[in-house]
Amino acid sequence: MARRGGSLPLQALAMDETCRITLNAINNVLLQDKLCHRKLSSECRRKRSYSCSDDTQVNLPEHKKPRTAEDQDVSGPSTRGKRAREPEHDDDDIAHRKRRKENDGPSLRSATLLPNPVPRQLQGTRDDEGVRYRVSGSEKLEAMKHYLSGLTPSMWTAYGSSLLDRAIRKVRFEHVDDKFLGKIIEHIFSEKLLSFSTVSVENYSTGLEATLFDKLKKCIRLVVLEVTVVPQGERDVVAASIALQRLRHLHSLSLLPSSRYSYHWAVSHVARHCQALRELKIVYDGDLFDSVNELTSLQNCSKMTSLWLFNFGRKTETKELTRLMNSLEKLKVLFHKELPNAIMELHGARSTGEQASEPRVERQLALERVDLCWYQRAVGYQLVYVPSSYLLQVAKVCPRIRVLNLVSPPCLAKVVKNLPQLHVLVLQQASLTSCLACTLNNLGLSRVTEIRATDVCDVTHDIISALARGCPHLQVLNIINSSLKARGDLETPPHRHPFPCLRQLTLVPVMIHGRPSLTNPSIWQLGAQLTSYLLGGASQLTAIHLHYKPEDILDGDLPTAHFLEAVFSCHRPALRSLLLEWPPAVSPGLVGAVVRACPALATLASILTWPLTSHQRAAIVTQHGRHIDIT
């Protein structure tokens, strides 16, 4: 990717121009199709006005009126004023017409009776101009796709993603045909496409479902597929089932609907035809399965390493989950609301099935990630609360855990002690003072690289100091929708900065990404002292997201404009994204200082929340908007 302020590479320029030409071509084809349809409708209305039945009389021109039996009098003058033909000359006239046919070739009328040499798919009556043009429009789109046949599958995938992004921007800001996005998707879907996601089009999916599920069967090389739209009716379900039967090269499949919907019917098709699958995320209602063995049929996917099962049904699936864990030996990631019960049953069955003379060997699973919390939009949260005995048993059976996502952990210190490979710790609805501070002080989690806390009730200066002492290699610190109190001391570890390896920092008092909160934070005292402590010496930061609440900050700890300019003007060569929401004070020269200190900066967001006038913000956009994305 080009650096900020640099020129785009030749490949990116070629891709951009190709997308522009494609969008214009598809828009022109749809426009011509609409004009031709209007012309056809107008001709049909005009012909219907000339037609008449036995009970309807229409004033027609004299030479177009149908002739009746009374008008066909050979002895009298014809309607055109010509002399009636004498009977004795009929034979001579017929002979003359035969000779003229032999000399001049077939007449126009006889030519219309000959077999049509046009291919069957292009045939149509002389008045069926709309059908002819629709075929011609499809031929233009196919010719355009054939023109790009030299693209490799990876290049075609990148081209399709860029084309869809530009098409969505065009739909959002311009008036286009209703079929525009459908034609774009139909053009993108081909045997060269390697990955596709419906996330970008789900807000415009009305009417697109039929095209999506019907044309998906063309993408026989698809490796990654994420579906968030919901089939509309039985026809779409059948089309999606046929598509799953052809997608035999899938490695990653996500069926995560944006509305409450069950993909239970897809489990059997995936298990039967997508046996190369390595990652599956699916939302379903287990009560709708036809048999209890449908979930266990996923054991046919022997290469599965990551399995996320969000069952919002009421029937228990502990036994089915136990069978999956027994058969899927490569499984490293597993989510299910009954996972602790399945681990206990698996361990208990193993123990009771042993003979008394044999030494007891506890079986250990190869799971590297255990999540006891998952939020799925339109369905809600699945929070798994477990007692201490269950949680300790999970830690003993799965000693390879690297990522642990817990809800109100009752005995975190003992659990962490049994997980020597733990690197990522995610806490939901926890008390950090009771479960985290003593753990960090006693164990010293030097291997932990990510701490993510959501909906926690207490974050203090003492907790931040404990993180700095116990996690010297911490790279990601996220504290979201929690209470932050300026209580305690911020102690700097000896001989080093608090967070020298920090790469991502997020301190936000509200939920982000549309996810509803589990608790209501009471206070958020992010002040100058904590800001300086976190950012001081963190030269490897790539993303910063800080949210201030000036009404909660203590007196004397309020960040000033001079303070913020000094803190953010430190040299950070890797910083690409800066989100600074509701700072108490800021100077117009802050952006210039950040741009000079951070050569890789590409995004500067939430500038509308800064205490600046509209003219000052406009001046910043005018001066720096050509180099960075300012929103």
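Residues numbered from 1 in each chain as written. Predicted model: local features only at pLDDT ≥ 70, side-chain atom pairs only at ≥ 80, totals over all residues. Heavy atoms only, no water.

Student: Can you help me understand the layout of surface pockets in this one?
Tutor: The probe, sized like a water molecule, is rolled over the atoms to show the empty space still left. In this structure, the largest pocket encloses a volume near 970 Å³. Along the walls of the largest pocket sit 27 residues, with Arg369, Trp374, Tyr375, His513 and Arg515 positioned nearest its centre. Sort the elements by how many residues they give to the lining of the largest pocket and strand β8 (residues 373-376) lands first, with four residues. Broken down by class, the residue content of the lining of the largest pocket amounts to 10 nonpolar, 10 polar and seven charged. (1 Å grid on protein atoms, 1.4 Å probe; cavity = no way out; pocket = protein on both sides within 12 Å on 5 of 7 lines; lining within 4 Å. Points joined across faces, edges and corners; volume = space filled by probe spheres on them. Helix = DSSP H or I, 4+ residues; strand = E, 2+ residues; numbered from the N terminus. Nonpolar A, V, L, I, M, F, W, Y, C, P; charged D, E, K, R; others polar.)

Student: Teacher, can you tell me more about empty space enclosed by the protein here?
Tutor: Evaluated as defined, the whole model comprises four cavities of 30 Å³ or more. If you add up the space inside the largest cavity, you get close to 70 Å³. Lining the largest cavity, in full, are Phe213, Leu216, Leu225, Val227, Ala240, Ala243, Leu244, Leu255, Tyr263 and Trp265. Looking at the lining of the largest cavity, the element that brings in the most residues is helix α8 (residues 234-246), giving three residues. Residue classes in the lining of the largest cavity are distributed as 10 nonpolar, no polar and no charged. Within this model, the second largest cavity holds a volume of roughly 50 Å³. Residue lining of the second largest cavity: Phe189, Phe196, Thr198, Leu212, Phe213, Leu216, Leu225, Val227 and Val229, and that is the complete set.

Student: What is the right way to read the packing of helix α5 (residues 153-173) against helix α6 (residues 180-188) from this model?
Tutor: Describing two packed helices takes the angle between their axes plus the distance from one axis to the other. Viewed as axis vectors pointing N to C, α5 and α6 meet at an angle of 175°, and their least axial separation amounts to 10 Å. If you check the angle between α5 and α6, you find them roughly antiparallel. Listed contacts from α6 to Trp156, Tyr159, Gly160, Leu163, Leu164, Ala167, Ile168, Lys170 and Val171 of α5 are Phe180, Leu181, Ile184, Ile185, His187 and Ile188. For the contact of α5 with α6, the per-class residue count stands at 12 nonpolar, two polar and one charged. (Axes fitted to C-alpha atoms, helices over the stretch in contact; angles between N-to-C directions. Parallel < 35°, antiparallel > 145°, perpendicular 65-115°, else oblique. Contact = heavy atoms within 4.5 Å.)

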